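As a plain string of letters, each chain reads:
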Amino acid sequence: MMKPRHFLTLNDCSVDELHYLFKRAAWIKARLKRGEPCHTLSDKTLAMIFEKSSTRTRVSFEVGMLQLGGNVLMLSAGDTQIARGEPVKDTSRVISSMADIVMIRTYAQAMVEEFAGYSRVPVINGLTDEYHPCQVLADVFTYQEHRGPITGKAVAWIGDTNNMLYSWINASAMLNFKMHVSTPPGYAIDDSRLTDAEHAHLETFADPLDAARGASLITTDVWASMGMEAENEKRMRDFKGWHVDGEVMSLGAPDAVFMHCLPAHRGEEVSADVIDGPQSLVWVEAENRMHAQKALLEFLLLGQLKTD
Ligand code: CP
Ligand code: NVA
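Residues numbered from 1 in each chain as written. Chains lettered and ligands numbered in written order. Predicted model: local features only at pLDDT ≥ 70, side-chain atom pairs only at ≥ 80, totals over all residues. Heavy atoms only, no water.

Caption draft 1: A look at the overall build of the protein. For the protein, the count of helices and strands is twelve helices and nine strands. Its C-alpha radius of gyration of 19 Å places the protein within 12% of the 19 Å reference for a compact globule of 308 residues. Reported as C-alpha extents along the three principal axes, the dimensions of the protein are approximately 50 × 45 × 35 Å. Relative to its 308 residues, the protein shows a buried fraction of 54%. Residue pairs in contact within the protein that sit at least 24 positions apart in sequence constitute 73% of those at least 6 positions apart. Just so you have it, the protein exposes about 13,000 Å², and 52% of that area is on carbon and sulfur atoms. A distance of 6 Å separates the average location of the 30 positive side-chain charges in the protein from that of its 41 negative side-chain charges. (Helix = DSSP H or I, 4+ residues; strand = E, 2+ residues; numbered from the N terminus. Rg over C-alpha atoms; globule rule 2.2 N^0.38 Å. Buried < 20%, exposed > 50% of the residue type's maximum accessible area, 1.4 Å probe, protein only. Contact = heavy atoms within 4.5 Å. Areas by Shrake-Rupley, 256 points an atom, 1.4 Å probe, with all protein chains shown as cover. Lys, Arg positive; Asp, Glu negative; His and termini not counted. Charge placed at Lys NZ, Arg CZ, Asp CG, Glu CD.)

See the structure below:
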């Protein structure tokens, strides 16, 4: 049996494959907007396993898979034997003997890696504590859709050192853009998780305003990610000042855009005037999850398709 392709981090694709996915996503989106059906995955079933909450990931994968002519199975981990301790490897063998592709949202990256190790079919990381590759795939696609190639640009990240940031760092080395990162004291990037190439694309700043200076894309995320609820109060204190407001945006490039994976907390990591303002791409960014992931689902199941 051929080993299936997985998408557990962005690095599971080559740079050429990422460019293919962006191109294919644009093609899929344009076709959908023209009202032309595209049933490349008819008779295929996507199983989705959620151990954490979701709005965008669930809706984008489910509607996207249905639009491609496929079927979807939604599994809340709490309703399955996973919650009662069935080993991941056993669950993986069983689900992958019936479904054609699996998407998992969970806590530890090690869980999706173990699942993929025993799976007969492709496995997609729909967010772990460590990475959120589907979101950054859609984010880069969105930036490029509005502003052209991201290569050579600077992306400012202001806030927590979380799953989104590490996926952005992966993307920076692959697509050759700079990451300007400002995180509060005590929330430094874990250097041991970065490759030399990633280090070479990273610049850290004590002051969030310095991180924003000249950036073409300014982005942030919640101060406390899912699973960090116990630290909420402490984080509300520690992250004061690490937010994106009008002053931060004014320091970016003249055509800078604001992005946020959502859900957002207005008045915490982002001000209402920025997220709801003219530089914000957050709604199209959310919609583009679906177009980008449709390209990804097709790619993992069928390889590269002709995009005319
Ligand atoms: N951005 C994102 O992944 O959103 P959900 O948590 O709603 O899926
Ligand atoms: N960093 C956030 C992203 C949510 C989509 C979290 O993990 O909760």
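Caption draft 2: Examining the layout of surface pockets more closely. If you add up the space inside the largest pocket, you get close to 640 Å³. Every element with two or more residues in the lining of the largest pocket is listed here: helix H2 (56–67), helix H6 (163–175) and helix H9 (232–238). Classifying every residue of the lining of the largest pocket by side-chain character gives 13 nonpolar, twelve polar and eleven charged. What lines the second largest pocket is Leu73, Leu75, Thr80, Gln81, Ile82, Glu86, Thr91, Val94, Ile95, Met98 and Ala99. Mapped by element, the contributors of at least two residues to the lining of the second largest pocket are strand E2 (71–76) and helix H3 (88–95). (1 Å grid on protein atoms, 1.4 Å probe; cavity = no way out; pocket = protein on both sides within 12 Å on 5 of 7 lines; lining within 4 Å. Points joined across faces, edges and corners; volume = space filled by probe spheres on them. Nonpolar A, V, L, I, M, F, W, Y, C, P; charged D, E, K, R; others polar.)

Caption draft 3: Here's a closer look at the packing of aromatic side chains. Applying the stated rule across the entire model yields four aromatic pairs. Arranged with centres 6.0 Å apart and planes meeting at 80 degrees, the rings of tryptophan 168 and phenylalanine 177 form a pair that is edge-to-face. An identical accessibility class is assigned to tryptophan 168 and phenylalanine 177; each is buried. Judged by centre distance (6.1 Å) and plane angle (25 degrees), the rings of tryptophan 223 and phenylalanine 239 are stacked. Here the residue tryptophan 223 occupies a position in the loop between strand E8 (217–220) and H9, and phenylalanine 239 occupies one in the loop between H9 and helix H10 (246–251), the gap between them amounting to 16 residues. For the pair formed by tryptophan 223 and phenylalanine 239, the shared burial category is buried. Through successive ring pairs, a cluster of aromatic residues spans Tyr187, Trp223 and Phe239. The positively charged end of arginine 193 is found above the aromatic ring belonging to tyrosine 131, 4.9 Å away from the centroid. (Phe/Tyr/Trp six-rings, centres within 6.5 Å; stacked < 30°, edge-to-face > 60°. Lys NZ or Arg CZ within 6 Å of the ring centre and 35° of its normal.)

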